[in-house]
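What follows is the residue order along each chain.
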Amino acid sequence: MEEMEEELKCPVCGSFYREPIILPCSHNLCQACARNILVQTPESESPQSRRASGSAVSDYDYLDLDKMSLYSEADSGYGSYGGFASAPTTPCQKSPNGVRVFPPAAPPPPAALAPPPPPRNACLTCPQCHRSLVLDERGLRGFPRNRLLEGVIDRYQQGRAAALRCQLCEKAPKEAAVMCEQCDVFYCDPCRLRCHPPRGPLAKHRLVPPAQGRVSRRLSPRKISTCTDHELENHSMYCVQCKSPVCYQCLEEGKHSSHEVKALGAMWKLHKSQLSQALNGLSDRAKEAKEFLVQLRNMVQQIQENSVEFEACLVAQCDALIDALNRRKAQLLSRVNKEHEHKLKVVRDQISHCTVKLRQTTGLMEYCLEVIKENDPSGFLQISDALIRRVHLTEDQWGKGTLTPRMTTDFDLNLDNAPLLQSIHQLDFVQMKVSSPVPAPPILQLEECCTRNNSATLSWKQPPLSTVQVEGYILELDDGNGGQFREVYVGKETMCTVDGLHFNSTYSARVKAFNKTGVSPYSKTLVLQTSEGCNFETQGTPYSQLVDIKKMVAVAWFSFDPASAHADIIFSNDNLTVTCNSYDDRVVLGKTGFSKGLHYWELSIDRYDNHPDPAFGVARIDVLKDAMLGKDDKAWAMYVDNNRSWFMHNNSHTNRTEGGITKGATVGVLLDLTRRTLTFSINEDQQGPVAFENLEGLFFPAVSLNRNVQVTLHTGLPVPEFYASRSAMP
């Protein structure tokens, strides 16, 4: 209840409202305070006369605009209340609440010295919103009396009384023992026996405890408010357009005669319901604010504990160093203490700010709850709209980000104790780097995803607004029977075809992106249906032996990678064709790396002069780029001339095989990471035995060539016949 007190005080005098009136801007003023801050405006200097004389626009024009906008719901309500011609040098004052107000107008000069005063208009400026209001001929009587606010103030002041005192004690009133409901008087025991004996007519009076008597006083009916335009008429209806209670006479002959009106009781209940609903949201914000304050206070404790722990660690490190570190230790501790103080200052400032805002919110809530208890519909409806707006505005102030800590409890400092003694004077904290975020989930491009026979093609992309760098993607499929997902492709490309699926089966596919920081969440799962029947002869072999999910083929489209290639490599045809401007062998890699699955690609020989030895195969990302492929332990390759070929790894030559290449020939590379083997072919015939076995890890397609050779890469190809037939054998 104490936090509601600011809602009950006048912004001018700083005391509890006395005879409060409601201004058109929905704020309240004591009637005496409103009279004190009235400003008299000469009618000869009114806005109309100034415009008629062609003078410049002044503050009076804004007052006139405000007067014209009093009946408009879209009124901005702001105007200037300084610089009046009648008192150009009168300074404004501050009320006890810090609101700037104007003093009463200066007294006029003696009648003998002053000319006859011209007619004047009265102007009032709201001290809270600074809206200027021009009074009509009724003056302050034109503003309605806020009897509901008076009732709330009475209850608040009665609730603050420590104990009820006897009303008949002449000196030092004693604490009341009973209250007579008929007499409406509090009695102590001696005064009750002397002034209210339990006999005669007084024997029928009902005596109740003081606390119960105070409650009955609060619940006693209050004076029914009357119409400001027709003082003898009580409010009976509610004008929807003007949003104010009106009387019967206003509907008959007043300005509300053509307006839509509703029953006062119905609108009273409706506005009470709206205010209650608005308070529910504000109550949730207040609850969150209280929890947030607990969190902030816990952060203070955590910062204290982390600070002690960090200082102890720092001292231990410094004591382990030589004497020169002791001179530096004090400086490092100072840095930690500054960080400690900075964190505490930020958190405490946020606690202070949040506490003030929470106190204001709680005060408004308590005030609104007291208003809801009021039984005067007319008085309630006079202020309900304004209270509802204030509640919504206060709730909006607890918006996103308000209840988020501005400081973490961790000390992002890392002491680097590696430098040598001669570098001790440069010893400093190393700020822990904030890692880049993980990528966003990729988006499957449904219009490009399709199935054909027992193959599925999937395409995806990064979200349009994503700026996080992506190093590659991982495509996963289930087993076609609702089982576990398996990786079928890992690489940089954004399109992949998976072969060897079961016919007439439903597969689920998903993809995720990765970078150095981590792996993104999965994309949405895409469901794919393969064709109903197969289009090859089974020759009596069980279907389960012909198609195995463990032998799925991931068909990826990729190109050569200019970023990782040697500088002498020349690219064309969208990075699918490469040659070299050097007579020495230079290496170029594909953009996509493989770690699982079965993969096949081909390279066609576009130019072959002077019988060079190009090499084809796979390599690690850090393979030597200025030597023939296979010279180091990071590449597995077949190099070939016009007559024969060899397999080479770590500069070891094996399996010489007859048969070479010429212009127009095609070299095939088949990487089976399920069986961990690498096989080569020339013109669709297998070249030699299986070239390499026991391959594990991440491999990139690779080629080495010189200026006498030009090759073109072909990807997204099915497995060659010689390998497919061998895989189908039981």
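Since the model is a prediction, treat every value here as computed from it, not as a measurement.

Visitor: Sorry if this is basic, but what is going on with the overall build of the protein chain here?
Guide: When you go through the protein chain residue by residue, the secondary structure sums to 12 helices and 37 strands. The buried share among the 730 residues of the protein chain stands at 45%. Within the protein chain, counting contacts between residues at least 6 apart in sequence, those at least 24 apart form 64% of the total. Of the roughly 38,700 Å² of accessible surface on the protein chain, 50% is carried by carbon and sulfur atoms.

Visitor: What is the right way to look at the sheet that holds strand β23 (residues 526–529) in this model?
Guide: Each strand in a sheet pairs with its neighbour through backbone hydrogen bonds, running either in the same direction (parallel) or in the opposite one (antiparallel). Spatially, four strands are ordered β20-β19-β22-β23 in an open sheet, and the strand pairing comes out antiparallel. On the outer flanks of this sheet lie β20 (486–491) and β23, each paired with one strand and no other. When the angles between neighbouring strand axes are averaged without regard to direction, this sheet yields 25°.

Visitor: What should I look at first to understand the packing of aromatic side chains in this one?
Guide: We describe a pair of aromatic rings using the distance from one ring centre to the other and the angle between the two ring planes. Using the criterion set out here, one finds 10 aromatic pairs in the structure. Taken together, a centroid distance of 6.2 Å and an interplanar angle of 50° make the contact between Trp 460 and Tyr 489 tilted. Residue Trp 460 is located in strand β18 (residues 455–461), and its partner Tyr 489 is located in strand β20; the two are separated by 29 residues in the primary sequence. For Trp 460, a relative accessible area of 1% puts it in the buried group. Since its relative accessible area comes to 1%, Tyr 489 is described here as buried. An aromatic cluster of three or more residues is present, and its members are Trp 460, Tyr 473 and Tyr 489. Positioned over the ring face of Phe 16 is Lys 9, at 6.0 Å from the centre of the ring. A cation over an aromatic ring shows up here: Lys 343 above the ring of Phe 411, its NZ or CZ 5.5 Å from the ring centre.

Visitor: Help me out: how do you make sense of the pairing of strand β34 (residues 677–682) in this one?
Guide: For a regular strand, the rule is simple: side chains alternate between the two faces of the sheet. Judged by how many residues are buried, β34 sits mostly within the fold: six of six residues are covered. Across the two faces of β34 the burial is the same, with Thr 677, Thr 679 and Ser 681 and Leu 678, Phe 680 and Ile 682 all buried. Examined bridge by bridge, strand β33 (residues 666–672) and β34 share six bridges and lie antiparallel to one another. The partner of Gly 668 across the bridge, within β34, is Ser 681. In textbook terms, the turn of a hairpin is the stretch between consecutive antiparallel strands, and for β33 and β34 this stretch comprises four residues, one of which, Arg 676, has a positive phi near 65°. From the end of β34 to the start of strand β35 (residues 685–686), which pair antiparallel, there are two residues, and Asn 683 there has a positive phi angle of about 55°.

Visitor: For this particular structure, what's the right way to read unusual backbone geometry?
Guide: Glycine aside, negative phi is the norm for most residues, and most peptide bonds take the trans geometry. Positive phi, close to 60°, is recorded for Asp 184, a residue that is not glycine. Relative to the helices and strands, Asp 184 resides in the loop between β8 (178–180) and β9 (185–187). Exposure remark for Asp 184: the relative accessible area of 38% places this residue in the partly exposed category. Positive phi values are uncommon outside glycine, yet Arg 676 reaches one of about 65°. Among the structural elements, Arg 676 can be located in the loop between β33 and β34. On the basis of relative accessibility, which here comes to 30%, the residue Arg 676 falls in the partly exposed class.

Visitor: Got a minute to help me understand the nonpolar core in this structure?
Guide: As a rule of thumb, nonpolar side chains are buried together in soluble globular proteins. Residues Leu 8, Leu 23, Leu 124, Leu 275 and Tyr 367 are the most contacted members of the largest nonpolar core, which totals 74 residues. Discounting residues that sit within four places of it in the chain, Leu 8 has contacts with Ser 15, Phe 16, Tyr 17, Leu 149, Val 152, Ile 153, Tyr 156 and Tyr 367.

Visitor: Please clarify how the pattern of salt bridges should be interpreted in this entry.
Guide: Any two side chains of opposite charge can pair, so long as their charged atoms come close to each other. A complete count under the given rule lists 19 salt bridges for this structure. Of the charged contacts, one joins Asp 189 and Arg 192 as a salt bridge, the two residues approaching to 3.9 Å between their closest N and O atoms. On the criterion of helical spacing, the pair formed by Asp 189 and Arg 192 is a turn pair, its members being three residues apart in helix α5 (residues 189–195). Among the ionic contacts, a cluster of salt bridges with common partners joins Glu 476, Arg 510 and Lys 512.

Visitor: What am I meant to see in the side chain of Asp 561 here?
Guide: Along the polypeptide, Asp 561 turns up in the loop between β24 (553–556) and β25 (569–572). You can call Asp 561 buried: its relative accessible area is 8%. Engagement of the side chain of Asp 561 in a polar contact is seen with the backbone nitrogen of Ala 563, the distance being 3.1 Å. For Asp 561, the residues in contact, after removing those within four places along its chain, are Lys 492, Phe 571, Val 588, Leu 589, Gly 590 and Lys 591.

Visitor: Help me understand the sheet that holds strand β30 (residues 635–640), please; the structure alone is not making it clear to me.
Guide: Taken together, the six strands give an open sheet; going across it, the order is β27-β36-β29-β30-β31-β32, and neighbouring strands pair in antiparallel fashion. A single partner strand is all that each edge strand has here, and the edge strands are β27 (586–589) and β32 (652–658). In this sheet, neighbouring strand axes are inclined to one another by 20° on average, regardless of whether the strands run parallel or antiparallel. In terms of strand pairing, β30 meets strand β31 (residues 644–649) through four bridges, oriented antiparallel. Looking at the pairing, Val 640 lines up with Ser 645 of β31.

Visitor: Mind showing me how you'd approach the environment of Glu 696 here?
Guide: Take Glu 696: it is sitting in the loop between β35 and β36 (700–705). With 21 residues separating them along the chain, Glu 696 and Arg 675 place their C-alpha atoms 9.9 Å apart. The contacts of Glu 696, once residues within four sequence positions are left out, are Arg 620 and Arg 676. In terms of polar contacts, Glu 696 uses its side chain to reach the side chain of Arg 676, at 2.3 Å.

Visitor: Can you help me understand helix α10 (residues 377–397) in this one?
Guide: For the α-helix, the turn length of 3.6 residues means that residues three or four positions removed from each other point alike. With 21 residues, α10 should cover 30 Å at 1.5 Å per step; its first-to-last C-alpha distance of 29 Å lies within 8% of that length. Taking the largest bend as the criterion, α10 deviates by roughly 40°, centred on Ser 384. Buried residues dominate α10, accounting for 15 of its 21 residues.

Visitor: Help me understand the confidence of the model for the protein chain in this model?
Guide: Any region with low pLDDT has predicted coordinates that should not be read closely. Across the protein chain, pLDDT averages 78, with 78% of residues at or above 70. Ignoring residues within four places in sequence, the model shows residues 44–94, a span with pLDDT below 50, making 76 contacts including any to other chains. Low pLDDT, under 50, characterises residues 533–552; the predicted model gives this stretch 30 contacts beyond four residues in sequence or across chains.

Visitor: Could you clarify how one ought to interpret the pairing of β27 in this entry?
Guide: Along β27, one buried face is formed by Arg 586 and Val 588 and the opposite face, lined by Val 587 and Leu 589, is buried too. Strand direction decides the pairing type here: β27 and β36, joined by four bridges, are antiparallel. Residue Arg 586 lies in a different strand from β36, and its bridge partner there is Leu 705.

Rules and cut-offs
- Residues numbered from 1 in each chain as written.
- Predicted model: local features only at pLDDT ≥ 70, side-chain atom pairs only at ≥ 80, totals over all residues.
- Heavy atoms only, no water.
- Helix = DSSP H or I, 4+ residues; strand = E, 2+ residues; numbered from the N terminus.
- Buried < 20%, exposed > 50% of the residue type's maximum accessible area, 1.4 Å probe, protein only.
- Contact = heavy atoms within 4.5 Å.
- Areas by Shrake-Rupley, 256 points an atom, 1.4 Å probe, with all protein chains shown as cover.
- Pairing = 2+ DSSP bridges.
- Axes fitted to C-alpha atoms, helices over the stretch in contact; angles between N-to-C directions.
- Phe/Tyr/Trp six-rings, centres within 6.5 Å; stacked < 30°, edge-to-face > 60°.
- Lys NZ or Arg CZ within 6 Å of the ring centre and 35° of its normal.
- Core = buried A, V, L, I, M, F, W, Y, C linked by side-chain atoms within 4.5 Å.
- Salt bridge = Lys/Arg side-chain N within 4 Å of Asp/Glu carboxyl O.
- Polar contact = N/O pair within 3.5 Å; in protein donor to acceptor, adjacent residues only side chain to side chain.
- Expected span 1.5 Å × (residues − 1).
- Bend = angle between axes of the 7 residues up to and from the residue.
- pLDDT = per-residue confidence, 0-100.

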